[in-house]
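Report on the structure
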Amino acid sequence: MTTHDDDILVLGATGKTGRHLVGALRAAGRRVRAASRSAETRFDWSDQDTWAAALDGASAVYLVAPEDPAPVDAFVKQATEAGVRRFVALSGRGVERLSAEAFQGMAAAERAVRDSGVEWSVIRPNNFNQNFDDDAAWRPPLLAGRLALPIGATPEPFVDTRDIADVAAALLTADGHQGQVHELSGPRALTFADAVRTIAEAAGRDIEFVELDPAEYRAELLAEGVPEEVVRDLDEMYANMRAGHVAEPVDGVRRVLGREPVDFAAYATEAAAAGAWA
Ligand SMILES: NC(=O)c1ccc[n+]([C@@H]2O[C@H](COP(=O)([O-])OP(=O)(O)OC[C@H]3O[C@@H](n4cnc5c(N)ncnc54)[C@H](OP(=O)(O)O)[C@@H]3O)[C@@H](O)[C@H]2O)c1
């Protein structure tokens, strides 16, 4: 158990989950160190000189992994040597079915915290609601009126980053759920066509969803200058989704928090009202 006097280091603190986690922990009166390259505590995975100050006095860490797995083991070792007794690592649902080449940072983070010798939890969420807004990948195409992905009619139980953050806060501060992998999804699965229709209605604008062939999608990404290894990761991720491996809702949010996760329609209404697609 972490106490109110413990410092909690949140990596990726400016990101989609980290930002809400910092807010949730502070609202609960916890001492938080919000860290990233641009956050109040400077932390850069590629600059080991930034690690010691971020870790000094921290007893728990929310670990958002880098894309490059290389620094992960050294960081977890340095963290435990500095006194960290609990990790919560952010991973992704279905990661266990991907090849060893895909999403190596997340896979390295899972392995490192399991082998850390201290308390650990892994959270594996579905795709986030907030990928549709929040300066994320799917927002610019939505604003342009056309989201095109190689996903077909397979539904996705999108999960809200506020639910992920609340689960992470519970795992960082309370006892009883450590030493486990927590799969997290929203309450229901919907197709991307339905998700885009829900957003279009909430935003009051015309937006179409276009199904792409995987080869067309790879070609579009490469033409946009997306690095080849990122294209490979996305290609595998969508193949995993098309196969239906992560299409069923799971009860991870309810098991940890004792409440239902946020529904996609409520998210879309709220994000539209906040001007996400205006
Ligand atoms: N998006 C999804 O639907 C989804 C679903 C399942 C799993 N995941 C996993 O969740 C993780 C986060 O992905 P995301 O797309 O949602 O990103 P994000 O958390 O919204 O943004 C990335 C965060 O990492 C920080 N960061 C980037 N490079 C860094 C570096 N070199 N050193 C230190 N901090 C750095 C960024 O802040 P600064 O720029 O300030 O450094 C930012 O706070 C990834 O591992 C992803 O695979 C995502």
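None of the values given here were measured: they were computed from a predicted structure. (Residues numbered from 1 in each chain as written. Predicted model: local features only at pLDDT ≥ 70, side-chain atom pairs only at ≥ 80, totals over all residues. Heavy atoms only, no water.)

**Quick notes on helix H4 (residues 104-114)**
Taken together, the buried positions of H4 are Gly105, Met106, Ala108, Ala109, Glu110, Ala112 and Val113. On its buried face, H4 is in contact with strand S4 (58-64), helix H3 (72-81), strand S5 (86-90) and strand S6 (119-125). (Buried < 20%, exposed > 50% of the residue type's maximum accessible area, 1.4 Å probe, protein only. Helix = DSSP H or I, 4+ residues; strand = E, 2+ residues; numbered from the N terminus. Contact = heavy atoms within 4.5 Å.)

**Here we look at the environment of Gln78**
Of note, Gln78 is situated in helix H3. Through-space distance from the C-alpha of Gln78 to that of His177 is 24 Å; in sequence the pair is 99 residues apart. For Gln78, the contacting residues outside a window of four places in its chain are Gln48, Trp51, Ala52 and Leu55. Within the structure, Gln78 has its side chain in polar contact with the side chain of Gln48 (distance 3.4 Å). (Polar contact = N/O pair within 3.5 Å; in protein donor to acceptor, adjacent residues only side chain to side chain.)

**So, the packing of aromatic side chains**
For the structure on display, the rule yields 18 aromatic pairs. When the centroid spacing of 5.1 Å and the interplanar angle of 70° are considered together, the rings of Trp45 and Phe75 count as edge-to-face. Here Trp45 is found in the loop between strand S3 (41-42) and helix H2 (51-55), whereas its partner Phe75 is found in helix H3, with 30 residues between them in sequence. According to the relative accessible area criterion, Trp45 is buried, its value standing at 15%. Exposure remark for Phe75: the relative accessible area of 0% places this residue in the buried category. Measuring from centroid to centroid gives 4.8 Å for Phe132 and Trp138, while their planes differ by 55°, and the two rings are tilted. Residue Phe132 shares its accessibility class with Trp138, and that shared class is buried. Members of the aromatic cluster, joined through ring pairs, are Phe132, Trp138, Phe158, Phe192, Phe209, Phe264, Tyr267 and Trp277. (Phe/Tyr/Trp six-rings, centres within 6.5 Å; stacked < 30°, edge-to-face > 60°.)

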